[in-house]
Amino acid sequence: MIPKYYEFFNPVKILSGHKALDNIPYELEQLGVKKPLIITDKGIKKAGLLKYVKRAFAESNTIIGSIYDDVPSDSSLETVYKIVKIFKDNSCDSIIAVGGGSVIDTAKGVNILITEDSNDLMKFAGAEILKNPMKPLIVIPTTSGTGSEVTLVAVISDEKNNTKMAFTSLHLLPRVAILDTRMTLTLPAHITAATGMDALTHAIEAYTCIQKNPISDAHAWMAIKLISENLITAVKKGKDKKARLALLNASCMAGAAFSNSMVGMVHSLGHATGGICHIHHGVAMSIFLPYVLEYNLIKIREYISELLFPLAGNEIYSKTSEGQRAEKVIECINNLRDELYKLTKLPRTLKEAGISKEKIPEIAKLAIGDGSLTFNPVDMDYEDAIKVLNKAYK
Amino acid sequence: MRKNRIYKEIKPGRKLFKVITVKVILFFLGRGFQFLSKFDKNIKNDIHGLPEGFTVMFKILPIGSKMFLKKNKKGYLKYKGSSLNEKTSDLSIFFKNIECAFLMFTAQISSHQAFAEHRISIKGEISKAMLIMRCLNIVETYLFPKIIAKHITKRLPRISGIKKQIGRFLVYFWGIPFGI
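Residues numbered from 1 in each chain as written. Chains lettered and ligands numbered in written order. Predicted model: local features only at pLDDT ≥ 70, side-chain atom pairs only at ≥ 80, totals over all residues.

Here we look at the overall build of chain B
Basically, it comes down to this: Secondary structure elements follow DSSP: runs of H or I of four or more residues count as helices, runs of E of two or more count as strands, with numbering from the N terminus. Whether a residue is buried, exposed or partly exposed is read from the other C-beta atoms within 10 Å of its own C-beta, which are placed from the backbone; 20 or more gives buried, 12 or fewer gives exposed, and intermediate counts give partly exposed. For every residue pair, C-beta atoms are placed from the backbone, and the pair is scored as a contact if these atoms sit within 7 Å.
Regarding its fold elements, chain B presents seven helices and five strands. The N-to-C order of helical and strand elements in chain B reads α-α-β-β-β-β-α-α-β-α-α-α. By principal-axis analysis of the C-alpha atoms, chain B measures approximately 80 × 35 × 35 Å. Counting over 180 residues, chain B shows a buried share of 47%. Across chain B, contacts joining residues at least 24 apart in sequence account for 67% of those joining residues at least 6 apart.

Next comes the structure, spelled out in structure tokens:
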């Protein structure tokens, strides 16, 4: 079904392949820049992944302006200000973000301040407020989950005021995303599992939330297919290049899908749980996904049913009667979670994640104020949130 | 011989009917918000966490009407018309054009649909914008008949029938006319 009105925007050039990083100098030249600042975190440096990026510059005349490798696990305001100073002191003209969601969000925050020539990031918080085109940003993801390399969102923590500020603008979209398998080959199994479930949630919510549209559906559909076919392989055999590349592509496509059709209640509950109990975002997504699908069944049974095809394949789809397909989708997701639990102990319930039951009212209160709830097909008030959280606790 | 054609500037037209309609509805909504922020438990709970002096602006871009609501000392939202300075608002909710404001304020599309379709942009904390939108849904439930309210909310807020009727009576005959 085509919505009466929708918008889809994704101008990011995507390079995908085993040694895709080698094209960095060419891409920088195409963008008309010569001195990028690299932003990354300690984990990436420790895992030795930066050497691939640095090697890509060999035999070119492009200078790396500097490398900032101390981004914390939650992108923070203070870090953004520090990096802006380095960017200016070193006369850089572009940014390369190497990392997961936190590094990429930090890079987007830095880009806002440099472009707007301001020293107060909070002035630009909000949706679709930024007006000016930004400095070229190249993103090299090192996990297959967030999809931030193709999203127009950044979330930055204001530690002093204990809040998280969201920024959404089409200008935040990177110019190039480079999906190079070498960057995820060493990702531990449990992170692969959690980030894979994060990408799966992006794709499923993009396909089932209120701003779904034919273009985001196509991205989400293929992302679900690639994840269901490759996640277990990548968890079992981390060095499997084919599976890794498939997951990088899936995460990227899921990102493009949800950046346009947005995410829903799984994210509302996940953001709230993450904010209060500090659990990994992917773990939270994995816990809530089946319960939210159950909750949404009443309104979007048809859309959930359609997902059985990419999730379970032709044979199971055709063997399952039309009226049972939605329940089968939830069963497949539960089976996937069980298998990931066996392989990596990825929690399936709040209890398994070590969350105290007393936290549930606090999580519920925060979840109903989360922006992503707007896009969920079914509304959720405090009582509903408590019910779903209790189910997810078990 | 034909005269040389003159290429004149074309000034933008006006949509007076829609502009006036939106202005009137903004007045009703503003006064309604003010009264119901004292009357309805759900709105009171929602705005409880906002700091005193918190100001919300609704504005129709690029040059359209605007309306301000400000949380006062007594803890409710005071309708301030268009009297405040834009720079003083803590949260600004912008409608990208008069058409989308008209669609939303005449209950042809819901606030969540307008947001999902990128018809609205927000300056400030998105979570606070969600809170205001949630309250707006409740205000609309009082102001509009059930058949319309059902169309513009995903699910009608849990308000008892009697309470809704009393609230509706009071908001139309007390809150809106007298700015209580």
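A look at the sheet that holds strand β4 (residues 91-95) of chain B
The test is simple: Being paired, for any two strands, means DSSP has found at least two bridges between them.
If you walk across this open sheet you meet the eight strands as β7(A)-β8(A)-β5(A)-β5(B)-β4(B)-β1(B)-β2(B)-β3(B), and the pairing is mixed. Since the sheet does not close on itself, it has two edges, and those belong to β7 (153-158) of chain A together with β3 (77-79) of chain B, each with one partner. Both strand β1 (residues 55-60) of chain B and β4 of chain B contribute to a ladder of five bridges, which runs parallel. Its bridge partner being in β4 of chain B, Phe 58 of chain B is matched across the sheet by Ile 93 of chain B.

Some details on the nonpolar core
Grouped burial of nonpolar side chains is what soluble globular proteins tend to show. Residues and elements named next belong to chain A. Here is the rule we go by: In these notes, a nonpolar core means any group of buried Ala, Val, Leu, Ile, Met, Phe, Trp, Tyr and Cys residues linked to one another through C-beta atoms within 7 Å. Boundaries of every domain are those given by an automatic assignment or by a domain database.
In this structure, Ile 39, Ala 97, Ala 203 and Ala 223 are the most contacted members of the largest nonpolar core, which totals 181 residues. It is helix α10 (residues 281-306) that provides the largest number of residues to this core, a total of 13 residues. When residues of this core are assigned to domains, at least three fall in each of domain 1 (13-183) and domain 2 (189-393). If sequence neighbours within four positions are ignored, Ala 203 has contacts with Ala 220, Ala 223, Ile 224, Ala 254 and Ala 257.

Quick word on the interface of chain B and chain A
Counting residues at the interface gives 19 residues for chain B, matched by 22 residues for chain A. Listing elements by their share of the side of chain B that touches chain A, those giving two or more residues are α4 (111-116), β5 (120-123) and α5 (126-143) of chain B. No other element matches α5 of chain B, which puts five residues into the side of chain B that touches chain A.

Overview of the confidence of the model for chain B
Residues and elements named next belong to chain B. Threshold: Looking at any residue, its pLDDT shows the predictor's confidence there, from 0 to 100.
Looking at chain B as a whole, its pLDDT mean stands at 90, while 99% of the residues score no less than 70. Per-element averaging of pLDDT across chain B places helix α6 (residues 146-152) at the bottom with 85 and β1 at the top with 96. Interface predicted TM-score (ipTM) for the complex: 0.80; the corresponding pTM is 0.91.

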